[in-house]
Amino acid sequence: MAAVVMLCGRRMGRRWQGLAVWVLLCVAHLSTAVEVYTPDELFVENGTQAKLTCTFKSTEVTYSRTAVSWSFVPDSGENRITIFHYTDGKSFPGTYGPFKDRITWAGDINKKDASIKVDNMQSKDNGSYICNVVNPPDIVCIEKKIKLQVVEKENLPLSNVPLLIGIICAVIGALLIVASIIFAVCIFKKKKSRKHYSGAQ
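Definitions and cut-offs
Residues numbered from 1 in each chain as written. Predicted model: local features only at pLDDT ≥ 70, side-chain atom pairs only at ≥ 80, totals over all residues. Heavy atoms only, no water. Disulfide = S-S within 2.5 Å. Helix = DSSP H or I, 4+ residues; strand = E, 2+ residues; numbered from the N terminus. Buried < 20%, exposed > 50% of the residue type's maximum accessible area, 1.4 Å probe, protein only. Phe/Tyr/Trp six-rings, centres within 6.5 Å; stacked < 30°, edge-to-face > 60°. Pairing = 2+ DSSP bridges. Axes fitted to C-alpha atoms, helices over the stretch in contact; angles between N-to-C directions.

Caption draft 1: Focus on the state of the cysteines. For the coordinates displayed, the defined rule picks out 1 disulfide. The side chain of cysteine 54 participates in a disulfide bridge whose partner is cysteine 131; the two sulfur atoms lie 2.1 Å from each other. Of note, the bridge from cysteine 54 to cysteine 131 carries an S-S torsion of about -80 degrees and is left-handed in sense. Of this pair, cysteine 54 sits in the loop between strand S3 (50-52) and strand S4 (55-57) while cysteine 131 sits in strand S10 (residues 127-134), placing them 77 residues apart in sequence. The structure places no disulfide on cysteine 141, whose sulfur is separated from the nearest cysteine sulfur, that of cysteine 131, by 6.9 Å. With relative accessibility at 17%, the residue cysteine 141 sits in the buried group.

Shown next as structure tokens:
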């Protein structure tokens, strides 16, 4: 990196050398950050268990010091509060009243999975759930949040799975029909060519 900075300094002059150093440090800083991935939005049926999916990517190998924290910000706009922590193979559910005894670990650090489950979801649980992962020396985390809404069963968004299955079945059916037609045409042509051959004799 020093060589690059010196080269940039020679070409751009001392005036821009400071800027070059700042940019390179930012790039190096971001390249070592833990990247977290969650769904942007999640709808959960009232009274059921919700799985808050969170996976991450780190340049460092995960081990016992890898730590996961989940925080919650209610829709009411109250302050952010930590509701769950995991490190060294142990879970530490927060003592925050509304979530007490309701959160369990559902992840696997070795597979870079930092998911949790929350039982008996209620409308008071509506809000944003933030996943944060620290994997020393990779201590900077680009955290992500899930916007969660608890709704009644009849208000759940329709799943795309039945639609996809229907489309796949339709495509397979169409291919089978086309294949059957091609097979029938081939058989017909083969029989016709045999008749012509027999007539020639």
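Anyway, onward from the coordinates.
Caption draft 2: Main features of the packing of aromatic side chains. According to the stated counting rule, one finds 6 aromatic pairs in the structure shown. Their ring planes at 70 degrees and their centres at 5.0 Å tell us that phenylalanine 72 and phenylalanine 99 sit as a pair that is edge-to-face. Separated by 27 residues along the polypeptide, phenylalanine 72 in strand S5 (residues 67-74) and phenylalanine 99 in the loop between strand S7 (90-93) and strand S8 (103-105) bring together distant segments of the chain. Each member of the pair, phenylalanine 72 together with phenylalanine 99, is buried.

Caption draft 3: Quick peek at the sheet that holds strand S9 (residues 116-118). With antiparallel pairing, the 3 strands of this open sheet are ordered in space as S3-S9-S8. Here the strands that pair on one side only, and so sit at the sheet edges, are S3 and S8. Strand after strand, the sheet turns through a mean of 25 degrees between neighbouring axes, direction not considered. In this sheet, S9 lies alongside S3 in antiparallel orientation, the contact comprising 3 bridges. Each bridged residue has a counterpart across the sheet, and for lysine 51 the counterpart in S9 is lysine 117.

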